[in-house]
Amino acid sequence: MAGLALLGLSALLGLGAGDPLCLSRQLRMRGDYVLGGLFPLGAAEDVGLGPRTQPNTTVCTRLSSLGLLWALAMKMAVEEINRGSALLPGLRLGHDIFDTCSEPVVAMKPSLGFMAAAGSWDIAAYCDYARYQPRVLAVIGPHSTELALITGKLFGFFLMPQVSYGASTDRLSDREAFPSFFRTVPSDRAQVTAVVELLHALQWNWVAAMGSDDEYGRQGLSLFSSLANARGICIAHEGLVPAAGAHGPQLGAVQGLLRQVNQSRVQVVVLFSSARAARALLSFSIRCGLEPKVWVASEAWLTSAQVLSLPGLAQVGTVLGFLHRGAPMPDFPSYVRAHLALAADPAFCASLDAEQPDPEGHVTGPRCPQCDRVSLEDVSAGLLHHQAFSVYAAVYSVAQALHNTLLCNASGCPPRAPVRPWQLLENMHNMSFRARGLPLRFDASGNVDMGYDLKLWVWRDPAPELHTVGSFDGRLQLQLPQMRWHTPGNVRPVSQCSRKCQEGQVRRVKGFHSCCYDCVDCKAGSYRRSPDDLFCTPCGQDQWSPDRSLRCFPRRPRCLAWGQPAVLLLLALLALTLGLVLAALGLFVRHRDSPLVQASGGPRACFGLACLGLVCLSVLLLPGRPSPASCLAQQPLLHLPLTGCLSTLFLRAAEVFVEAELPPSWADQLRGHLRGPRAWLLVLLAVLAEAALCTWYLVAFPPEVVMDWQVLPTEALVHCRVRSWVGFGLVHAVNAVLASLCFLGTFLAHHQPGRLDGARSLTFAMLAYFITWVSFVPLFASVHVAYQPAVQMGASLLCVLGILATFHLPRCYLLLQQPAGNPPEFFQGGGPGSASGPGGGRGGAHDPATSPQCAQT
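Throughout, a residue's number is its position along its own chain's written sequence, starting from 1. Side-chain atom pairs in this predicted model are given and counted only at pLDDT of 80 or more, local residue features only at pLDDT of at least 70, and totals for whole chains, interfaces and linings cover all residues. In computing side-chain values, all of the structure's heavy atoms are included and hydrogens and water are not.

Draft legend 1. Region of the structure containing the overall build of the protein. Each helix is a run of DSSP H or I of at least 4 residues and each strand a run of E of at least 2, with the numbering of both proceeding from the N terminus. For the protein, the helix and strand inventory stands at 28 helices and 25 strands. Here the protein holds 857 residues, and the buried ones make up 52% of them. For the protein, the computed accessible surface area is about 38,300 Å², with 60% contributed by carbon and sulfur atoms. Between buried and exposed lies partly exposed: a residue is buried under 20% and exposed over 50% of the maximum accessible area for its type, with that area taken using a 1.4 Å probe on protein chains only. Each accessible area value is a Shrake-Rupley result obtained with a 1.4 Å probe; residue values ignore everything except the protein chains displayed when judging cover.

Have a look at this one:
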């Protein structure tokens, strides 16, 4: 309503609809300190620089409404500062605004003019510019990156502060190349970081990336490529988009790129482009029938009227992008309407000519002839454009720096010599200021951190509306329920080369892109540390993991536990065997004077049974967690008692062999040695020989307690490690020799009719020994190391049980069942001639059957 009232006021003042305004004359205002302004007041496509052959004046004839509004935002800020008393009380800021036409060749002329000496348009060459006072104190603008890169070099040489309201390329953060450059918009690095975080959050890792073929697009595309690669986002297709009007190879390249995108699995296109190039690309994609995609827009074209007015724009798909924040300026539209109304007032225009005539018009040329034919309708669409605040903040940053330089306070600014640009620059580094209540601060690179809003195009006729669906302040926040996609059912598009790997799988990359891969399971003993891993991480020695694991688990120590079923079964066998041994020993002791016990060896037979009992008890060292002492004691405590038992059996076998195979004279003499006290000497020698072997084995190859991390999949096996299998075998040597001699002696002996066949029982006892230990060797070597103690335990018990069952138990049966049914001569006798034949009397003289003891028995 206010705009209509002002337009009505213009009509009452008698200005026709087609009469020119005097708006261009308001682009210049005198002051104690003047700020230069570079704004795109004209449209760049009308410049016509192609046939230019002379460095003459170039004038843009087509209006850029946004550029005009930004220039008015600068004017509004200057007037606001002049009216207030907070920043520059008693001083007046001025402005001198020129059109850049978005072209470097046009922008250079006013830039040179700003550097001219105050009061003239001449630039002199000096050795020292410290005392040089140019026409302006600082420059606001330009808007585009390409222009800022050129003007920034010029102003940087003179250390002229330059505050851009739109140039965002990261190259301008280089303080060595651009020492006097500042801006009130975030750097492209911040915007690209936000875009990469958005792609990562939405799991889009297979995208196409395009940029306009200019400094802004090339630099933004390069920055995006490096940051995206660091976050695991792959660029399937990459290319540059020429400006409108491109033809030939450039147009063919764009067509080929769009064709590749259309045929691939890419569903997301990142377009870092100027508005003109973005309009050209989107227009071409609409004409070519490109399938709808998700377009991630750069700030340069997200809100551009050139793009938003493109016919058929809804066919491109979903468009979203980041827009930097700013403070609201609700009074700016009324300010613009008021100045348009004043520009239509002839009296106001005449007062402008009287107050500040422009005698230098022949030098600068017309500032903005197209601005004098603008209407409110031409600029109404951009009245609330976010960039106006950036211009406004740029003016306030210079005013704050001037306030700090002049040491102004509430009462005014102390008088001093005019401030030069380089003096002002000293106070702008790391400076804090406020604009519309919003606190801002230049960092060391001249950038401000304003944060971003994520905007989504929501389709409305005739143009889309921008809805906020997220934000970025160093950390991305999304409003996923508010997002609207172009897909059926509003399903979020998927843009991935390969499916996401499941838990416990890593990626095996195929080809050149890390996003195209096969999923491979992590095997047992390894795990996937993070979803981005390309290789499985092996677990530590003291850890384990199952297949497809996300972590490792600590290994628990394991040994042959007492409660295991196999151990319980062996303990039951131990109880049975030990019970039989003790029962046999008890019988032998009770009937120690019987012919049967005497024939079996008498006290030596009891000693042999006691040794078998010790063998049974020695197996108790094998179950449970081993200790160094138990590892050292296992073999000696098994083999020494077994040697004692076998040595007694050897003496009995020697008696049988002597009686059966030797002449009586020899037999009588040897029998006395084999049955007398000297027999115990042989037992002692055998035991000492075995003790020597065991001592050598323990000294040379001592068994040690080890914790084996590899033999079990989930546990650590604690066991006694055999350091030498040769030494382990030699420990059995004495017992093996004794058993072999027993077997040979009894196997070759002839049986005497009517006598107890002791040879056969000894033969079978030795066969039981050999079968047990010969079977033990391959079984012990082949069985899992965790069960080797159980095998040794079983072999020891079976050996004892075999000897007991074949030699001692039959004699126990005779003692129990037939104590009187077998005469003494059945168990004892002389040599072969004791029953008949020559020498019988000699044999009979020693026949125990005729002795009083045997008669009593």
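Draft legend 2. Inspection of the sheet that holds strand β3 (residues 93-99) at higher detail. Strands pair, by our definition, only if DSSP identifies at least two bridges between them. Strand order in the open sheet made by the six strands is β1-β3-β2-β4-β5-β6, with mixed pairing throughout. The strands lining the two open edges of the sheet, one partner per strand, are β1 (28-29) and β6 (181-183). With seven bridges connecting them, strand β2 (residues 33-39) and β3 associate as parallel partners. Its bridge partner lying in β3, G36 is registered against D96. Its contacts with the sheet put helix α2 (residues 65-83) on β1, β2, β3 and β4 (138-140), and the angle it makes with β3 is roughly 175 degrees. In what follows, a contact means two residues having at least one pair of non-hydrogen atoms within 4.5 Å. Angles here are taken between N-to-C directions and fall from 0 to 180 degrees, while the axes themselves are lines fitted to C-alpha atoms, restricted in helices to the stretch in contact.

Draft legend 3. Molecular detail of a nonpolar patch on the surface. Residues W562, L614, L617 and L620 make up a contiguous nonpolar surface patch of about 360 Å² in total accessible area. A residue is classified by how much of its surface remains accessible, and L617, at 41% relative accessible area, is partly exposed. Residues with no salt bridge and a relative accessible area higher than 30% make up the patches, which join like charges within 9 Å and nonpolar side chains (Val, Leu, Ile, Met, Phe, Trp, Tyr) within 5 Å. Any Lys or Arg side-chain nitrogen located within 4 Å of an Asp or Glu carboxyl oxygen qualifies as a salt bridge.

Draft legend 4. Quick look at helix α6 (residues 215-230). Given a rise of 1.5 Å per residue, 16 residues ought to cover 22 Å, and the 23 Å separating the end C-alpha atoms of α6 matches this to within 8%. Among all positions of α6, only E215, Y216, G217, Q219, G220, L221, L223, F224, S225 and A228 are buried. Here the buried face of α6 lies against α4 (145-157), α5 (188-201), β7 (206-212), β8 (234-241), β9 (268-272) and α9 (299-302). After α6 finishes, the residue G232 shows a positive phi value of roughly 75 degrees. Multiply 1.5 Å by the residue count of a helix minus one, and that product is the helix's expected span.

Draft legend 5. Inspection of α5 at higher detail. With 14 residues, α5 should reach 20 Å at 1.5 Å per residue; the first-to-last C-alpha distance of 20 Å fits that figure. Listed in full, the buried residues belonging to α5 are D188, Q191, V192, A194, V195, V196, L198 and L199.

Draft legend 6. Geometry of the packing of aromatic side chains. Classification of ring pairs rests on two measures: the distance between centres of Phe, Tyr or Trp rings, Trp counted by its six-membered ring, which must be within 6.5 Å, and the angle between planes, read as stacked under 30 degrees, edge-to-face over 60 and tilted in between. Summed over the entire model, instances satisfying the criterion amount to 31 aromatic pairs. Ring-pair connections join several aromatic residues into one group, and the members of that group are W725, F728, F743, Y769, F770, W773, F776 and F780. Here the guanidinium or amino end of R135 rests over the ring plane of W121, the centre of that ring lying 4.0 Å away. For a Lys NZ or an Arg CZ to count as sitting over a ring, it must be within 6 Å of the ring centre and within 35 degrees of the ring normal. K153 extends its terminal NZ or CZ atom over the ring of F178, reaching a point 5.1 Å from the ring centre.

Draft legend 7. Highlighting unusual backbone geometry. Cis peptide bonds are those with omega within 30 degrees of zero, and the linkage from G141 to P142 qualifies with -5 degrees. Following the sequence through the fold, P142 ends up in the loop between β4 and α4. Here L407, not a glycine, exhibits a phi torsion of approximately 55 degrees, which is positive. Topologically, L407 is positioned in the loop between α15 (387-406) and α16 (421-426).

Draft legend 8. Highlighting empty space enclosed by the protein. The definitions used throughout rest on a 1 Å grid laid over the protein atoms alone, on which a cavity is an enclosed set of points accommodating a 1.4 Å probe that cannot get out and a pocket is an open set flanked by protein within 12 Å on both sides along at least five of seven lines; lining residues are those having an atom within 4 Å of a point. Grid points are joined across faces, edges and corners, and a volume is the space filled by probe spheres set on the points. Throughout the structure, instances matching the rule amount to five cavities of 30 Å³ or more. Of the voids in this model, the largest cavity is the one considered here, and its volume is about 250 Å³. If you trace the largest cavity, you find 23 residues lining it, with L622, Q634, C720, P789 and Q792 closest to the centre. Broken down by secondary-structure element, the contributors of at least two residues to the lining of the largest cavity are α20 (628-661), β25 (715-721) and α26 (788-817). Considering each element in turn, the lining of the largest cavity owes the most residues, four residues, to β25. When its residues are assigned to classes, the lining of the largest cavity shows 17 nonpolar, six polar and no charged. Note on residue classes: Ala, Val, Leu, Ile, Met, Phe, Trp, Tyr, Cys and Pro are nonpolar, Asp, Glu, Lys and Arg are charged, and everything else, Gly too, is polar.

Draft legend 9. Structural view of the environment of H486. By the element assignment, H486 lies in the loop between β16 (476-478) and β17 (505-509). What makes H486 partly exposed here is its relative accessible area of 28%. For the pair H486 and V316, spaced 170 residues apart in the sequence, the C-alpha separation amounts to 9.0 Å. Dropping the residues within four chain positions of it, H486 is found in contact with P292, K293, V294, G317, T318 and P493. By the criterion applied in these results, polar contacts are pairs of N or O atoms within 3.5 Å in which, for protein atoms, one can donate a hydrogen and the other can accept it, and in which residues neighboring in sequence qualify only through two side-chain atoms. Polar contacts involving the side chain of H486 include one to the main-chain carbonyl oxygen of P292, which spans 3.5 Å. A distance of 2.9 Å separates the side chain of H486 from the side chain of T318, its partner in a polar contact.

Draft legend 10. The confidence of the model for the protein, seen in detail. Within the protein, residue pLDDT values average 84, and 86% of them lie at 70 or more. For every residue, the predictor states its confidence as a pLDDT score lying anywhere from 0 to 100. Within the model, the stretch residues 829-857 combines pLDDT values under 50 with 34 contacts to residues more than four positions away or in other chains.

Draft legend 11. Layout of the pairing of strand β10 (residues 293-297). Within β10, five of the five residues are buried, which leaves it mostly tucked inside the rest of the structure. Both faces of β10 are covered, namely the face carrying K293, W295 and A297 and the face carrying V294 and V296. With the strands pointing away from the viewer, any crossover whose connection runs clockwise from the first strand over the helix to the second is right-handed. Note that the unit made of β9, helix α8 (residues 275-288) and β10 has a crossover that is right-handed. Pairing of β10 with strand β11 (residues 317-324), which is carried by five bridges, proceeds in the parallel orientation. From the neighbouring strand, K293 faces β11, where its bridge partner is G317.

Draft legend 12. Summary view of the state of the cysteines. Two cysteine sulfurs form a disulfide in these notes if their separation is within 2.5 Å. Applying the stated criterion to the full structure yields nine disulfides. At a sulfur-sulfur separation of 2.0 Å, the disulfide partner of C22 is C349. Handedness of the C22-C349 disulfide follows from its S-S torsion of about -75 degrees: it is left-handed. Of this pair, C22 sits in the loop between α1 (2-12) and β1 while C349 sits in helix α12 (residues 346-355), and the two are 327 residues apart along the sequence. Covalently, C501 is tied to C519 through a disulfide, its sulfur atoms 2.1 Å apart. Sign of the S-S torsion, about -95 degrees for the bond between C501 and C519, identifies this disulfide as left-handed.

Draft legend 13. Structural view of the sheet that holds strand β15 (residues 465-472). In spatial order, the strands read β8-β7-β9-β10-β11-β14-β15-β16; together these eight strands make up an open sheet with mixed pairing. The sheet is open, and its two edges are formed by β8 and β16, each paired on a single side. Strand-to-strand twist in this sheet, taken as the mean axis angle between neighbours without regard to direction, amounts to 25 degrees. As judged from the four bridges shared by β9 and β10, these two strands associate in the parallel manner. From the neighbouring strand, V268 faces β10, where its bridge partner is V294. On top of the sheet, α5 reaches β7, β9, β10, β11, β14 (452-458), β15 and β16; it is set at about 175 degrees to β9, its chief contact.

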